[in-house]
Amino acid sequence: MDLRTASKRPLLTLLANPRLRERIQVAFRMGASSQVLSQVVLAGDWRQLSALAARYPGSPALIDTFCEGPMRSTGESAETRADHGSPLPVIWYAPYNQAWPRALSRAGADVGARLFPGVNDDFEAINAAILRSIDLRRVRRLREHAKRVADPAVFEMFDHALHLATGSCAVPDLAARAGRTRRTLELRCAGLGIPSPKGLISLARIFTVQRLAEWSHVPLGTVARALGFSARSNYRRLARGVLGCPPSQVQRMGGSDYVARVFLRRLGGG
């Protein structure tokens, strides 16, 4: 596919390990993220990655290297920063080492997910990490706003729901992530005066579908299917049931920004 004519934005990579490059290609081809992004593009070094990031702001990048190995880069620091004025959304895909967090920060990166080879890199996890890291700056802004206005216990529930929103999820999944039983989670939400666990998941899912569709310019129905809805009609029913209006009206009222405002109000954030 020619990037000059592709309507969707690409998934960026800077992967020195050929096995990981191949694994990402297969996972992307078989997974949901290929419905939102166009193709996997391999950068040869940080300078090329920075140029791609400037051209495709918000496209996530899978990275396993800085200046080691066959893709040795020159001039890290300022030259490696993307020129679009926001941190590069990064998925770090390599064994853990103590140096990488600081190095990524110097390179102008914002780590949205961490994949460790042979530990948490099954195809489903790879695609979830990709979807979660798209347009990461927008998600960060919502999280920061929620953290400012919501009680810490409320923010914890919100954050768990937002993390799970890129795939099919149910109340037991939210309970497991929160380290609670379903019943205690429901009681916790009721005690905090916030939406039920199902309501939190629904709001997070609607926000995620809307923001990914807006960023990618991919139809809402396609994005909804990529995120686990069996049909666009199911997403339309969810939006109408939770927000009182269909997705088309949500778009007219501000799309994901409108959903974010509703979400914050229901968390008690005004």
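Scroll up to find the structure.
Within each chain, residue numbers correspond to sequence positions counted from 1 in written order. The model is predicted, so local features are restricted to residues of pLDDT at least 70 and side-chain atom pairs to those at 80 or more, both for listing and for counting; the totals for chains, interfaces and linings are taken over all residues. Side-chain numbers here rest on the full set of heavy atoms in the structure, without hydrogens or water.

Enquirer: Mind showing me how you'd approach the sheet that holds strand S2 (residues 40–42) here?
Expert: Strand pairing in a sheet relies on backbone hydrogen bonds, with the paired strands running either antiparallel or parallel. The pairing criterion is simple: DSSP has to find at least two bridges between the two strands. Strands are runs of DSSP state E lasting at least two residues, helices are runs of H or I lasting at least four, and both sets are numbered from the N terminus onward. Read from one edge to the other, the open sheet built from five strands follows the order S2-S1-S3-S4-S5, with strand pairing classed as parallel. Looking along the sheet, the strands with just one partner apiece sit at the ends: S2 and strand S5 (109–115). Pairwise comparison of adjacent strand axes, ignoring direction, gives a mean angle of 30° for this sheet. Inspection of the sheet shows strand S1 (residues 11–14) paired to S2 by three bridges, in the parallel sense. From the neighbouring strand, Thr13 faces S2, where its bridge partner is Leu42. Sheet strands in contact with helix H1 (residues 18–30) are S1, S2, strand S3 (61–63) and strand S4 (88–93), and its direction is about 160° off that of S2. It only takes one pair of heavy atoms within 4.5 Å for two residues to be counted as in contact. Angular values range over 0 to 180 degrees, each being the angle between N-to-C directions of two axes fitted as lines to C-alpha atoms, with helices fitted over their stretch in contact. The strands that helix H2 (residues 46–55) touches are S1, S2, S3 and S4; relative to S1, the one it contacts most, it runs at about 165°.

Enquirer: Looking at this structure, I do not really get the pairing of S4. What am I missing?
Expert: Put simply, side chains in a regular strand alternate between the two faces of the sheet. With respect to burial, S4 is a largely interior element, six of its six residues being buried. Burial classification: accessible surface area is computed with a 1.4 Å probe over protein chains only, and a residue below 20% of its type maximum counts as buried, one above 50% as exposed, and the rest as partly exposed. Of the two faces of S4, both are covered, the one formed by Leu88, Val90 and Trp92 as well as the one formed by Pro89, Ile91 and Tyr93. Pairing of S3 with S4 involves three bridges; the strand directions are parallel. Along S4, the bridge assignment pairs Leu62 with Ile91.

Enquirer: Mind showing me how you'd approach helix H5 (residues 136–149) here?
Expert: One turn of an α-helix holds 3.6 residues; hence residues three or four places apart share an orientation. Here a helix's expected span is defined as the number of its residues, less one, multiplied by 1.5 Å. Between its first and last C-alpha, H5 extends 20 Å over 14 residues, near the 20 Å set by a 1.5 Å rise per residue. Of all the positions in H5, only Leu136, Arg138, Val139, Leu142 and Ala146 are classed as buried. Down the axis, H5 shows its buried residues gathered within 160° of arc, on one side only. Facing away from the buried surface of H5 by more than 90 degrees, the exposed residues are Lys147 and Arg148. When we speak of the arc, we mean the arc of directions from the helix axis to the C-beta atoms.

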